[in-house]
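So the chains spell out like this:
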Amino acid sequence: MPIDPTTVPDFDDLPPVAGQPQGFAWGVFDSADKKDVYGTLNFLTPSIVAAAAAEVKSGVPISLNWPLNGIKFPFPHRKPPVHTPKTLKSLGMETDGWDDELTFNTQFSSQWDSLVHITHGDPLVTYNGFEPTEEKLSVSDTAENENTLPTIDHWHKRGGVVGRGVLIDYKRWVEETKGEAYHPLDGHRITVQEIEEVAKWEGVEFKYGDILLVRTGYTDMLAAPTQEDFAKFAKTTLSGVHGSTETARWIWNHRIAAVAGDAHAFEALPPVKEDGSLGDIADLVLHRWFLNGFGLPIGELWDLKALGEYCKEVGRYSFLLTSAPLNHPGLVASPPNAIAIL
């Protein structure tokens, strides 16, 4: 069941978890007889959702979903979508008309990362000590006696994700207040102090249960990259939220229910290790804290350009946010099907 965020300990007061750093929230949301699979989505209580509905002032909905085929050039690791129109007769139906089939990697475009996306340790575990395996993820039903892992399909029992969204338009803030040259591939690390500065500039006050969106301008660039952009890709740097324990502490202490951004990782790349050296994809800091430690979903590659433009126009950066991801047993990730309503 959802839990009042005010009843949950702060980061430094969370009960210790054997073998994990201070600040892991394993067991915090468990009931007497059941391990939790929702993580920080538990902060979305009925009262918090009801209050979020009051954010609707203009009645304007804005899609936050980038096209599934938004990346138009070869990109490593994940297959692009394939759309195949089918006549009804080709499917054996004696009538005219069309169906279509769509295959895609759930992380190729706008997405939610579920709590099983990243694993750590020996054995390899994720949030709340769950041990995902290919066999456990290859389930045919979301029923608790079949799918015991914290995958996205469970969210539908709670009506998806509904809450108050807050946009931190970092790109616009830098360009309009700093007068600095800015590019989403320059690897700027957005600190919590900067998040607070942007929020103050926007007139936003954070509330428990918020869904935090951060705009870097990455998908704007990725939609039509220039030769200069392609040259910057070679540096393998990406602007995003600074991956550090300080950031994790701030997110937890503000009882953020979920985060999302328009970049490939939400956090800045390359990650910085505890010793100050630069790491690689295996060293992602916020992915471990958020997905593994808190059970906090991460959204990536969301389309935040139109939202940023409208927020500037009306002078409001908070809104009702809804998300109904795909409903299939064992989903590791899904398009968010997210809408901001202002």
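Below is a short write-up of the structure.

Analysis parameters
Residues numbered from 1 in each chain as written. Predicted model: local features only at pLDDT ≥ 70, side-chain atom pairs only at ≥ 80, totals over all residues. Heavy atoms only, no water. Helix = DSSP H or I, 4+ residues; strand = E, 2+ residues; numbered from the N terminus. Buried < 20%, exposed > 50% of the residue type's maximum accessible area, 1.4 Å probe, protein only. Pairing = 2+ DSSP bridges. 1 Å grid on protein atoms, 1.4 Å probe; cavity = no way out; pocket = protein on both sides within 12 Å on 5 of 7 lines; lining within 4 Å. Points joined across faces, edges and corners; volume = space filled by probe spheres on them. Nonpolar A, V, L, I, M, F, W, Y, C, P; charged D, E, K, R; others polar. Core = buried A, V, L, I, M, F, W, Y, C linked by side-chain atoms within 4.5 Å. Contact = heavy atoms within 4.5 Å. Phe/Tyr/Trp six-rings, centres within 6.5 Å; stacked < 30°, edge-to-face > 60°.

We now examine the environment of Glu 134. Relative to the helices and strands, Glu 134 is located in helix α2 (residues 134-137). Overall, the relative accessible area of 68% leaves Glu 134 in the exposed class. Distance from Glu 134 to Gly 330, taken between C-alpha atoms, is 9.7 Å for residues 196 residues apart in sequence.

Ordered by their spatial adjacency, nine strands build an open sheet running β1-β13-β11-β5-β7-β9-β10-β4-β12, and the pairing between neighbours is mixed. The open sheet has two edge strands with one neighbour each: β1 (61-63) and β12 (333-334). Summarising the sheet, strand β9 (residues 258-261) and strand β10 (residues 298-300) pair through two bridges and their orientation is parallel. Within β10, the residue paired with Ala 260 across the bridge is Gly 299.

In this structure, the largest pocket occupies an estimated 810 Å³ of space. In terms of residue class, the lining of the largest pocket is built from 15 nonpolar, eight polar and four charged.

Here we take up the nonpolar core. Grouped together as the largest cluster of nonpolar side chains are 75 residues, with contacts concentrated most on Leu 64, Leu 213, Phe 290 and Leu 307. Of all the elements, helix α8 (residues 285-294) adds the most residues to this core, at six residues. If we skip the residues at most four places from it in the chain, Leu 64 touches Ser 110, Leu 213, Trp 302, Asp 303, Leu 304, Leu 307, Leu 321, Ala 338, Ile 339 and Ala 340. Counting residues in each nonpolar core, the second largest holds eleven residues, with Trp 66, Ile 71, Leu 185 and Leu 222 among its members.

All told, the structure shown has 17 aromatic pairs when counted by the stated rule. When the ring of Phe 24 is compared with that of Trp 26, the centres are 5.6 Å apart and the planes differ by 55 degrees; the resulting orientation is tilted. Measuring from centroid to centroid gives 6.3 Å for Phe 29 and Trp 252, while their planes differ by 55 degrees, and the two rings are tilted. Of this pair, Phe 29 sits in the segment before α1 (46-53) while Trp 252 sits in helix α7 (residues 245-253), and the two are 223 residues apart along the sequence.

Between Asp 122 and the following residue, Pro 123, the backbone shows a cis peptide bond with an omega angle of 5 degrees. Along the chain, Pro 123 falls in the loop between β4 (111-113) and α2. Geometrically, the link from Leu 269 to Pro 270 is a cis peptide bond, its omega value of 0 degrees lying close to zero. Structurally, Pro 270 can be placed in the loop between β9 and α8.

Worth remembering: the numbers are spatial, not functional.
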